[in-house]
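# Summary of the model geometry
As a plain string of letters, each chain reads:
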Amino acid sequence: DLAKRADEIRERECGSANDMSLDRGSVREKDADGRLHVERSNISKANICEYLGGEIPGAAELGLDPSRRYRLLRDPVELERGAPTFNRLPILSKHVPIDAQTHDPDLVIGATGENATFEAPYLHNSLVFWPQAAIDNIESGDQRQLSSAYRYRADMTPGTYQGEPYDGVMRDIIGNHVALVRE
């Protein structure tokens, strides 16, 4: 499946910035009911990632080839502007776009906090995880990375960021959820 392969590539190339092992022992604590609280974690990063044309919003209108890979910049200015939209979001056990109509409570394993901040190049927030299985996966390292999902408007103006070329920029970023992923 092409979309699954693209997700795997993106997580491998872009997900390492959101590694929860970086916070181990310094900002984690459990409350009296066993819930895991993370005071501060990287949940996204300003960088360039590859996306299949078919995954980019408005691809047909933009004339994008659905099977071609495009390098999109998650612009630091846009990420900082969108930071408040990453507050009070569900943390899911897998990447699935959700809204009030498609909410699946079986996928929700926690939530982001109310203090999203952008400090280049990272978007940070506090987190809480509820089910013991998710906490066990975090503590064992089986699932130690986070991957944020968001809406955005694709501006297919090419350029360079930190010496790397890109095909377009993600504009008007709005958080949807954060997923706990293996890598």
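Details of the structure are given in the entry above.
What you are looking at is a predicted structure, and each value in this text was computed from that prediction instead of being measured. (Residues numbered from 1 in each chain as written. Predicted model: local features only at pLDDT ≥ 70, side-chain atom pairs only at ≥ 80, totals over all residues. Heavy atoms only, no water.)

## Observations concerning the overall build of the protein chain
Each helix and strand in the protein chain was counted, giving four helices and 12 strands. Classification of the 183 residues of the protein chain by burial places 48% in the buried group. Residue pairs in contact within the protein chain that sit at least 24 positions apart in sequence constitute 66% of those at least 6 positions apart. Counting every atom, the protein chain has about 9,400 Å² of accessible surface; 47% of that belongs to carbon and sulfur. (Helix = DSSP H or I, 4+ residues; strand = E, 2+ residues; numbered from the N terminus. Buried < 20%, exposed > 50% of the residue type's maximum accessible area, 1.4 Å probe, protein only. Contact = heavy atoms within 4.5 Å. Areas by Shrake-Rupley, 256 points an atom, 1.4 Å probe, with all protein chains shown as cover.)

## Remarks on the pattern of salt bridges
Taken as a whole and judged by the stated rule, the model has 12 salt bridges. In this structure, arginine 68 engages aspartate 167 in a salt bridge whose closest nitrogen and oxygen atoms are separated by 3.6 Å. One end of the pair, arginine 68, is in the loop between helix H2 (59–62) and strand E4 (69–73); the other, aspartate 167, is in the loop between strand E11 (164–166) and strand E12 (168–181), with 99 residues separating them in the sequence. In this structure, the salt-bridge partner of arginine 88 is glutamate 114, at a minimum N-O distance of 3.9 Å. Of this pair, arginine 88 sits in the loop between helix H3 (76–82) and strand E5 (90–92) while glutamate 114 is found in the loop between strand E6 (108–112) and strand E7 (117–119), placing the two residues 26 residues apart along the sequence. By relative accessible area, which is 60% here, glutamate 114 ends up exposed. One network of salt bridges, with partners in common, ties together Glu78, Arg81, Asp155 and Arg171. (Salt bridge = Lys/Arg side-chain N within 4 Å of Asp/Glu carboxyl O.)

## With respect to the pairing of E4
Taken together, the five bridges between strand E3 (residues 48–52) and E4 define a ladder with antiparallel strand orientation. Residue pairing for E4: cysteine 49 is matched across the bridge by leucine 72. Sheet analysis places E4 next to E12, joined by two bridges and oriented parallel. Bridged to leucine 73 within E12 is valine 169. (Pairing = 2+ DSSP bridges.)

## Structural notes on the nonpolar core
Grouped burial of nonpolar side chains is what soluble globular proteins tend to show. Judged by nonpolar contacts, the single largest core of 39 residues is most densely connected at Ile56, Phe86, Leu123, Phe129 and Tyr152. At the level of secondary structure, the elements contributing two or more residues to this core comprise strand E2 (36–45), E3, E4, strand E8 (122–129), helix H4 (132–140), strand E9 (145–155) and E12. No other element matches E12, which puts five residues into this core. Once residues within four sequence positions are removed from consideration, isoleucine 56 is found in contact with Tyr51, Leu64, Tyr70, Leu72, Tyr152 and Ala154. (Core = buried A, V, L, I, M, F, W, Y, C linked by side-chain atoms within 4.5 Å.)

## Description of the environment of histidine 95
Looking at the element boundaries, histidine 95 is found in the loop between E5 and E6. Between the alpha carbons of histidine 95 and valine 181 there is a distance of 8.3 Å; along the sequence they are 86 residues apart. Within the structure, histidine 95 has its side chain in polar contact with the side chain of serine 147 (distance 2.7 Å). Within the structure, histidine 95 has its side chain in polar contact with the side chain of histidine 177 (distance 2.9 Å). (Polar contact = N/O pair within 3.5 Å; in protein donor to acceptor, adjacent residues only side chain to side chain.)

## So, the environment of valine 169
Considering the arrangement of structural elements, one finds valine 169 in strand E12. Those residues in contact with valine 169, other than ones at most four positions away along the chain, are Leu72, Leu73, Asp75, Arg153, Ala154, Asp155 and Thr157.

## Comments concerning the side chain of asparagine 176
In this structure, asparagine 176 sits in strand E12. Within the structure, the side chain of asparagine 176 is placed 2.7 Å from the side chain of histidine 177, a separation counted as a polar contact.

## A short note on H4
Within H4, burial applies to Ala134, Ile135 and Ile138. For H4, the angular spread of buried residues about the axis comes to 100°, placing them on one side. Check the buried side of H4 and you find it contacts strand E1 (28–30), E2, E6, E8 and E12. (Arc of directions from axis to C-beta.)

## With respect to unusual backbone geometry
In the segment running from alanine 120 into proline 121, the intervening peptide bond is cis, with an omega of 5°. Summarising the element assignment, proline 121 is placed in the loop between E7 and E8. Residue glutamine 162 is not a glycine yet carries a positive backbone phi of 50°. Among the secondary structure elements, glutamine 162 is positioned in the loop between strand E10 (159–161) and E11.

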